[in-house]
Structures are given as C-alpha cells and as structure tokens.
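Here are the chains, one letter per residue:
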Amino acid sequence: MSSHVWCHGPYCHTHQTLDRVRGSQGSKVLRTRKIKQWRDDSLYNWFCSMHCYNEFANKYVQQIVRIAPRTEPLTTPCQIREHSNIDYYGKPYKTKSVLINAEHLGVDNE
Ligand SMILES: [Zn+2]
C-alpha cells in the first residue's frame, strides 16, 4: 500500500485553508489533502477530518446503508432492578430503577 492516500471527502478540495493551496502565482488551486497511512482501522486513514468524513457519509448514505441493511431492531439482554437508599432508621427512600447485567451495553448484539 502506498504511504499516503487522498482524503475521500467529496468536498475536501473546496475547503478554504492555506495548507490546501498548491500551484504557482496566477494558477493556484485548492487541492484535496494527502493523508499519511498509519492505522488500517481508523477513519482518519481515509479522511483528513470529521468534517470530510461527515460530508462523505451524507453524500453516500444510501450506498453506505446498503452495505449492512437493518431490517429488524437488535436487542441486548439486560435486567432492571429497583434500588433504594436506606435512611438512618432503616427505611427505604429515593427508590430508583437500575439497569444491570447489560451485556455489551451500547454495542449492537449481532
Ligand atoms: Zn478532507
């Protein structure tokens, strides 16, 4: 693999920053940023910024969704228990519901 790739942001070359300017006086252009390759699993290996990543995702969202369509909701096993604080006299107060035993909380359970 090459030591660099060009940012995949579809509008990277239109963002007005001095580091994108190339060319000689009278024929200057804004150019797509070059990205050094460092980690295969990082989006920053393909996009120079979250801004360019978001522009890519917004422009190609239909194609992106077709990569892994979600036709049914996912679920993650969990339990809810009531938790009460006990006051000085041993009586419960401030009862609240607590989510426990949530496996892979926040991660899709595919
Ligand atoms: Zn970019």
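Everything numeric in this text was worked out from a predicted model, so none of it was measured.

A.B. asks: Is there a simple way to think about the overall build of the protein in this case?
C.D. replies: Counting secondary structure elements, the protein contains two helices and six strands. Secondary structure elements of the protein, listed N to C terminal, follow the sequence β-β-β-β-α-α-β-β. In terms of overall dimensions, the protein is more spread out than a globule: its C-alpha atoms have a radius of gyration of 25 Å, far above the 13 Å expected for 110 residues. In terms of overall dimensions, the protein has C-alpha extents of about 85 × 35 × 25 Å along its principal axes. Burial analysis of the protein (110 residues in total) assigns 8% to the buried set.

A.B. asks: Can you help me understand the domain arrangement of the protein in this one?
C.D. replies: Many descriptions give the size of an interface as the accessible area lost when the pieces come together. Looking at the assigned domains, one finds that the protein contains domain 1 (4-67) and domain 2 (73-110). Placing a centre on the C-alpha atoms of domain 1 and another on those of domain 2 gives a separation of 43 Å.

A.B. asks: Help me understand the nonpolar core, please; the structure alone is not making it clear to me.
C.D. replies: For soluble globular proteins, nonpolar side chains are generally found buried alongside one another. Listed in full, the seven residues of the largest apolar core are Cys-7, Cys-12, Ile-35, Phe-47, Cys-48, Cys-52 and Phe-56. When neighbours within four sequence positions are excluded, Ile-35 is seen to be in contact with His-4, Val-5, Cys-7, Asn-45, Trp-46 and Cys-48.

A.B. asks: Is there a simple way to explain the environment of Met-50 in this structure?
C.D. replies: The topology assignment puts Met-50 in helix H1 (residues 50-59). Note: C-alpha distance between Met-50 and Gly-9 (41 residues apart in sequence) is 9.3 Å.

A.B. asks: Looking at this model, I keep getting lost on the confidence of the model for the protein. Mind explaining?
C.D. replies: For any part of a model where pLDDT is low, the fine detail of the predicted coordinates should not be relied upon. Confidence along the protein averages 89 in pLDDT terms, with 90% of residues attaining 70 or more. The spread of mean pLDDT over the elements of the protein runs between strand S6 (residues 92-100), the lowest at 85, and H1, the highest at 98.

A.B. asks: Which parts of the structure should I look at to understand the environment of Leu-18?
C.D. replies: Within the element layout of this structure, Leu-18 appears in the loop between strand S1 (4-6) and strand S2 (21-22). As a C-alpha pair, Leu-18 and Leu-30 span 12 residues in sequence and 8.3 Å in three-dimensional space.

A.B. asks: I'm lost on the pairing of S6 in this one. Help?
C.D. replies: Side chains on a regular strand alternate between the two faces of the sheet. The element S6 is largely exposed, with a buried count of zero among its nine residues. In terms of strand pairing, strand S5 (residues 79-86) meets S6 through seven bridges, oriented antiparallel. If you follow Gln-79 over to S6, its bridge partner there is Ile-100. Counted between consecutive antiparallel strands, the loop separating S5 from S6 contains five residues, among which Gly-90 sits at a positive phi close to 85 degrees.

A.B. asks: Honestly, unusual backbone geometry in this entry has me stumped. Any pointers?
C.D. replies: Apart from glycine, the bulk of residues carry a negative phi angle, and the bulk of peptide bonds sit in the trans form. Despite not being glycine, Lys-94 has its phi angle at roughly 50 degrees, a positive value. Tracing the sequence through the fold places Lys-94 in strand S6.

Parameters and conventions
Within each chain, residue numbers correspond to sequence positions counted from 1 in written order. Totals for whole chains, interfaces and linings use every residue, but because this is a predicted model, local features are given only for residues with pLDDT of at least 70 and side-chain atom pairs only at 80 or more, for both listing and counting. Numbering goes from the N terminus for both helices and strands, where a helix is a DSSP run of H or I of at least four residues and a strand is a run of E of at least two. In this description the radius of gyration comes from C-alpha coordinates, and the expected globular size is given by 2.2 Å times residues to the power 0.38. Residue burial here comes from a neighbour count, namely the number of other C-beta atoms, placed from the backbone, that lie within 10 Å of the residue's own C-beta, with 20 or more meaning buried, 12 or fewer meaning exposed, and in between meaning partly exposed. In this document the domain limits rely on a domain assignment from an automatic tool or a database. Think of a nonpolar core as buried Ala, Val, Leu, Ile, Met, Phe, Trp, Tyr and Cys residues, each tied to the set through C-beta atoms within 7 Å. In this description, a residue-residue contact is defined by the distance between C-beta atoms placed from the backbone, which must lie within 7 Å. pLDDT is a per-residue confidence score from the predictor, ranging from 0 to 100. Each pair of strands is called paired provided DSSP finds at least two bridges between the two strands.

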